[in-house]
Amino acid sequence: MGVAGGSRTCTGFIPAWGVAGEGKRRDGFVCRRPVYQRTLAVRQGEIVESSDAVLDQQVSSSDAPVLVDFYAQWCGPCKLLNPILDWASDEYGSGLKILKIDADTNNKSVAKYNISALPTLILFKNGEMKSQIIGAVAKSRVSEFLKENI
């Protein structure tokens, strides 16, 4: 613990992907909490928002394997996957296309791929579904999943 402006601070875990503003507790501690601010900016790899209208075309026309993330805005576990998807995007670059599809607004795709829980990651290779992960999982599990299936 350190001293910042005369008050004690607790920094805890501050990840590389962002830090929120500070909040002051009753006992005088100033806590910095991590906040992940999701952007769909193009980096080395790319994460693209998809929809019912174009999902099949995006999957079938891709030369690279396609990882589709079925999520919802209100889903807490879905938000936990965002940094992992960013990592995969950076790690695999153009060798993996990552699509995100909102399950609440894209009911046809949810029904077509029998999505029963969120988040669900589905990996497509050569336009066909190869494997899937259901639920929020650790980065190590996603890494293992991609290595096994790509």
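Structure's up top.
Residues numbered from 1 in each chain as written. Predicted model: local features only at pLDDT ≥ 70, side-chain atom pairs only at ≥ 80, totals over all residues. Heavy atoms only, no water.

Student: Outline the pattern of salt bridges, supporting the account with residue identities and numerical values.
Tutor: Scanning the entire structure with this criterion turns up three salt bridges. With a closest N to O distance of 3.8 Å, Glu144 and Arg141 form a salt bridge. Note that Glu144 and Arg141 are positioned in helix α5 (residues 139-149) at a spacing of three residues, about one turn of the helix. For Arg141, a relative accessible area of 32% puts it in the partly exposed group. (Salt bridge = Lys/Arg side-chain N within 4 Å of Asp/Glu carboxyl O. Helix = DSSP H or I, 4+ residues; strand = E, 2+ residues; numbered from the N terminus. Buried < 20%, exposed > 50% of the residue type's maximum accessible area, 1.4 Å probe, protein only.)

Student: Kindly report on α5, identifying the contributing residues and their values.
Tutor: Regarding α5, the residues found buried are Val142, Ser143, Phe145, Leu146 and Asn149. Looking straight down α5, one finds that the buried residues subtend no more than 160° of arc, so they occupy a single side. Across α5 from its buried face, at more than 90 degrees, point the exposed residues Ser140, Lys147 and Glu148. Buried residues along α5 sit against β6 (66-71), α3 (82-92), β8 (120-125) and β9 (128-134). (Arc of directions from axis to C-beta. Contact = heavy atoms within 4.5 Å.)

Student: Could you give an account of the sheet that holds β6, with specific residues and numbers?
Tutor: Taken in spatial order, the five strands of this open sheet run β5-β7-β6-β8-β9, and their pairing is mixed. Pairing within the sheet leaves two strands with one partner each, and these edge strands are β5 (47-49) and β9. Ignoring strand direction, the axes of neighbouring strands in this sheet form an average angle of 25°. Across six bridges, β6 lies against strand β7 (residues 97-102) in parallel orientation. Residue pairing across strands places Val68 opposite Leu99, the latter belonging to β7. (Pairing = 2+ DSSP bridges. Axes fitted to C-alpha atoms, helices over the stretch in contact; angles between N-to-C directions.)

Student: Would you mind going over α3 in detail, with residue names and values included?
Tutor: Among all positions in α3, only Asn82, Ile84, Leu85, Asp86, Trp87, Ala88 and Ser89 are buried. Contacts from the buried residues of α3 go to β5, β6, α2 (76-80), β7, β8 and α5. Remark: Gly93 follows α3 within two positions and exhibits a positive phi of approximately 55°.

Student: Go over the environment of Asp63, please, and point to the residues and values.
Tutor: Note on placement: Asp63 falls in the loop between α1 (55-60) and β6. Spatially, the C-alpha atoms of Asp63 and Ser94 are 9.7 Å apart, while their sequence positions differ by 31 residues.

Remember that the coordinates give geometry; whether it matters functionally is a separate question.
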